[in-house]
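Coordinate inspection notes
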2 protein chains.
Amino acid sequence: MDQNYGSPEDRLIARYFRPLAKHPGAFGLGDDAAALTPPPGSDVVLTTDGVIAGVHFFADDAPENIGRKALRINLSDLAAKGASPLGFLMAVALPSGFEETWLAAFAAGIGADAERYACPLLGGDTDRTPGPASVSITAFGAVPHGKMVLRSTAKAGDRVVVTGKIGDAALGFKLRRDRSVAEAWRLSAPQSEYLVGRYLLPEPRNALAAAVLAHASAAMDVSDGLAGDLSKLCRASGVAADIDVSRVPLSEAARAAITADPNLLETVLTGGDDYEIVLAVAPQKADAFLAAAHAAGVTAVDIGQLTLGEGARFVHNGNELSFARASFSHF
Amino acid sequence: MDQNYGSPEDRLIARYFRPLAKHPGAFGLGDDAAALTPPPGSDVVLTTDGVIAGVHFFADDAPENIGRKALRINLSDLAAKGASPLGFLMAVALPSGFEETWLAAFAAGIGADAERYACPLLGGDTDRTPGPASVSITAFGAVPHGKMVLRSTAKAGDRVVVTGKIGDAALGFKLRRDRSVAEAWRLSAPQSEYLVGRYLLPEPRNALAAAVLAHASAAMDVSDGLAGDLSKLCRASGVAADIDVSRVPLSEAARAAITADPNLLETVLTGGDDYEIVLAVAPQKADAFLAAAHAAGVTAVDIGQLTLGEGARFVHNGNELSFARASFSHF
């Protein structure tokens, strides 16, 4: 990190990223490192997630959304762990021939979200790459010491709760790749736009972090598909899950698509990029959590329960669904 | 981060990276995030730096050294800020067709250094990329609250001290790119190997972090060339520097190369990848710092002083040197 106007690299950073670095511990991006003073008695929650052009986003996506999505997927991890954002570091690799206007829009997008989620830029690293553009973010949050909400602490008997709507982004990805599927799915233009928007720009549930911290016995963010991610939570906690598919929250657009093509139910339940939270909540705390979510303006729905055993069963019209591939993997 | 054996990606991470994640806050790489409990009364120092194949390393470099170098360049920033390592996160992007043996050696190398520098793996992110392999590391250290050693706090009158040897890595890079230059530089095979080794595997000065914290009025790591980096420190602090080039510490191999080709003096003073520390030390503290460095087994040399004014002047045989390019920039 190095922004003393000495080189072209320094000038780009000074112009586009320094205005985002308002936190005193960022030292105006002018030092080798940043300094963070955690709230007394807290643990620092650390998460890192990146996006690569051609893998996690389309190279011609709007640059303001690319930066925002990169930050939001990390904010989603903080929310699921019950952590309040403290700030983030950003490593950007840019291909030769990138446009400065691209960088300006990218920085404006991520800067707007840094404000919105009270998660300031603390520092970073900017490199040229012979490969595709990539953005790797490390985000920091605070929880009371020892209280980070884990995947591994769910109990048989807990209710399974999920936030927002599931599957929009997986459908949106297919639409972003090939707009013509909208016709086969009999979607209106607004439905189609809604789904693509949900893929391009997730809405991390940081407004729920305090409620997750207070009420969840376990939680994780849903980034690689509900079925696969819930299976991971079950495996980590040594429990099974019984999910009533009819209660999984779907948008009106997703319902329309599934009506046109019932095979899309599997896409919705196993596709990635939801960035919602799936939680285990003790039955006696479930109402309090749902009320807190409602108060925070986020929908949250009880979709089933955890039981003794292993595996996550998704039951639809009395039949257990089996999936070709339960979640997304890069390898 | 997701390692519950569910996917091929999970299995690779479980096999090669989970054994490195011994810190309790890493949760065996089995959760969305890591948790770090900073020492009471401390600030967390944050730094991120990455390496990309074809930019920061050669694609056919030994994989064990690639991981180690990626970690060490971050450890170097912590050392320069006076911070004790707490741990690190790692984002790895692998091209399709990478060999699992490559990953095994990479992980073994970085694991050995995590032990050596007491800087455990806390978490990470593994992706496939259509581009070159890259490794982005975010490292965390601790300093007493408010005590991170900055670039901007040097004073006129301070001595300028530098650790280790300068310029070896810049020469080593040229040799790594084209071994035949060893002949023109009249280097012996061991001299040539020494210089290449210094490029491939820097030696961060973490053994000096406590002495930097105790004695330096300002410091930074020398990663983009001594001349350029010292100029940045001067600019950040609002001072000038007078450096006696004859006192800049050079290895016997670097001296031999400069004797054969005097133009290499500029390479040595402006080339990157030293990963030494340049410090400003108040005159009355200089002896104590040099003694502490000696006790830690690291050479450190007084190469000049800071004065009122601006700019870093490198004086050689009574003449001020001027450089074509004072430091490395990616753009």
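That block above? That's the structure.
Report on the accompanying structure. Note that this is a predicted model, so its numbers are computed, not measured.

Rules used throughout
- All residue numbers here refer to positions counted from 1 along the written sequence of the relevant chain.
- A letter from A marks each chain and a number from 1 marks each ligand, given out in the order of writing.
- Residue-level local features of this predicted model are given only where pLDDT is at least 70; pairs of side-chain atoms are given and counted only at 80 or more, and the full residue set underlies all totals for whole chains, interfaces and linings.
- Side-chain metrics in this entry use all non-hydrogen atoms of the structure; hydrogen atoms and water are not considered.
- By the criteria applied, helices consist of DSSP H or I runs no shorter than four residues and strands consist of E runs no shorter than two, each listed in order from the N terminus.
- Classification of residues uses two cut-offs on accessible area relative to the type maximum, computed with a 1.4 Å probe and protein chains only: under 20% is buried, over 50% is exposed, and between them is partly exposed.
- A strand pair is defined by DSSP finding two or more bridges across the two strands.
- Axis definition: a line fitted to C-alpha atoms, limited for helices to the stretch in contact. Angles are taken between N-to-C directions and run from 0 to 180 degrees.
- Residue contacts are defined here by distance: any two heavy atoms, one from each residue, within 4.5 Å place the two residues in contact.
- To estimate the expected span of a helix, count its residues, drop one, and scale the result by 1.5 Å.

1. So, unusual backbone geometry
Residues and elements named next belong to chain B. Its identity is not glycine, yet Arg 186 carries a phi of approximately 50°, on the positive side. The phi angle at Tyr 275 is positive, at roughly 55°, despite the residue not being glycine. By the secondary structure assignment, Tyr 275 is in the loop between helix H10 (264-270) and strand S9 (276-281). The buried category is assigned to Tyr 275, whose relative accessible area is 7%.

2. Some details on the sheet that holds strand S3 (residues 84-95) of chain B
Across the sheet, five strands lie side by side as S1(A)-S2(B)-S5(B)-S3(B)-S4(B); this open sheet has mixed pairing. The sheet is open, and its two borders are formed by strand S1 (34-36) of chain A together with strand S4 (121-129) of chain B, each paired with just one other strand. Sheet twist, expressed as the mean angle between neighbouring strand axes with direction ignored, is 20°. Here nine bridges tie S3 of chain B to strand S5 (residues 134-144) of chain B, and the two strands are oriented antiparallel to one another. Across the sheet, residue Ser 84 of chain B finds its bridge partner in S5 of chain B, namely Ala 142 of chain B. Sitting on the sheet, helix H3 (residues 100-116) of chain B is in contact with S3 and S5 of chain B, with an inclination near 170° to S3 of chain B.

3. Some thoughts on helix H6 (residues 189-200) of chain B
All names here are of chain B. The first and last C-alpha atoms of H6 sit 16 Å apart over 12 residues, in line with the 16 Å expected at 1.5 Å per residue. Among all positions in H6, only Gln 191, Ser 192, Leu 195, Val 196, Arg 198, Tyr 199 and Leu 200 are buried. Its buried side turned inward, H6 meets helix H2 (63-80), helix H4 (168-177), helix H5 (181-184), helix H9 (252-260) and S9.

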